[in-house]
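# Inside the fold
Spelled out from the first residue to the last, the chains are:
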Amino acid sequence: MTKASAEKQIQRVRAICLGYPGAIEKVSHGEPTFFTPKRVFAMIANNHHGDGHVAAWLPAAPGVQGELIGERPDAFYYPPYVGKGGWVGVELAQVGDDELGALIHEAYALTLVKDKPKR
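Since this is a predicted model, take the numbers as computed values, not measurements.

## Focus on the environment of Lys26
When you line up the elements, Lys26 lands in strand E1 (residues 24-28). Of the residues examined, Lys26 reaches a relative accessible area of 42% and is grouped as partly exposed. Sequence-wise, Lys26 and Val40 are 14 residues apart; in three dimensions their C-alpha atoms are separated by 9.8 Å. When neighbours within four sequence positions are excluded, Lys26 is seen to be in contact with Glu31, Pro32, Thr33 and Phe35.

This is how it looks when you write it as structure tokens:
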């Protein structure tokens, strides 16, 4: 993937993520990362350590990671570091805008639940 096409994919994620109330973008580990603002709900992986993926890493509900990867291994993968926590890698060129938006929405909603103070 060219640098320009990778940037176009990253812009898709940025446009969706920054549309949520209170969402902010910071660079973390050299890549755009999106916060709720307290917790991360989406990370960009732009050829991380030369792995060839231009992807978003998103938290997923229990069981969803394995389901997505099992059904569509061309579009979803087990990302390093955060995969053990249930996050899923999303190959940006393999998903449409509606699907990407739904996945990010779920990630944002899951993260907001963690942000709420416990009583």
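## A short note on helix H1 (residues 3-17)
Taking 1.5 Å of rise per residue, 15 residues should cover 21 Å, and H1 covers 21 Å from first to last C-alpha, within 8% of that figure. Among the residues making up H1, those that are buried are Ala6, Gln9, Ile10, Arg12, Val13, Arg14 and Cys17.

## Notes on the side chain of Thr33
As for its position among the elements, Thr33 is in strand E2 (residues 31-35). For Thr33, a relative accessible area of 2% translates into the label buried. Excluding residues that lie within four positions of it along the chain, Thr33 makes contacts with Ile24, Glu25, Lys26, Ser28, Val40, Ala42 and Met43.

## Some points on the pairing of E2
The element E2 is largely enclosed, with a buried count of 5 among its 5 residues. On E2, burial covers both faces: Glu31, Thr33 and Phe35 on one face and Pro32 and Phe34 on the other are all buried. Pairing analysis gives 5 bridges linking E1 to E2, with the strands arranged antiparallel. The residue bridging Ile24 from the neighbouring strand is Phe35, located in E2. What sits between the antiparallel neighbours E1 and E2 is a turn of 2 residues, in which His29 has the positive phi angle 55°. As defined by bridge partners, E2 adjoins strand E3 (residues 40-46) across 3 bridges and the pair is classed as antiparallel. Residue Phe35 lies in a different strand from E3, and its bridge partner there is Val40. If you look at the hairpin formed by E2 and E3, you'll find 4 residues sitting between the two strands.

## What to know about the environment of Leu100
With respect to the helices, strands and loops of the structure, Leu100 is situated in helix H3 (residues 97-115). For the pair Leu100 and Val90, spaced 10 residues apart in sequence, the C-alpha separation works out to 8.3 Å. Here Leu100 is in contact with Arg12, Val13, Ile16, Leu92 and Val95, once residues within four sequence places are set aside.

## Looking at the sheet that holds E1
The strand order across the open sheet built from 6 strands is E1-E2-E3-E4-E6-E5, with neighbouring strands paired in antiparallel fashion. The outermost strands of the open sheet, each flanked by one partner alone, are E1 and strand E5 (76-77). Pairing between E5 and strand E6 (residues 88-91): 2 bridges, direction antiparallel. Along E6, the bridge assignment pairs Tyr77 with Gly89. Sitting on the sheet, H1 touches E1, E2, E3 and strand E4 (54-58), and the angle it makes with E3 is about 175°.

Calculation criteria
Residues numbered from 1 in each chain as written. Predicted model: local features only at pLDDT ≥ 70, side-chain atom pairs only at ≥ 80, totals over all residues. Heavy atoms only, no water. Helix = DSSP H or I, 4+ residues; strand = E, 2+ residues; numbered from the N terminus. Buried < 20%, exposed > 50% of the residue type's maximum accessible area, 1.4 Å probe, protein only. Contact = heavy atoms within 4.5 Å. Expected span 1.5 Å × (residues − 1). Pairing = 2+ DSSP bridges. Axes fitted to C-alpha atoms, helices over the stretch in contact; angles between N-to-C directions.

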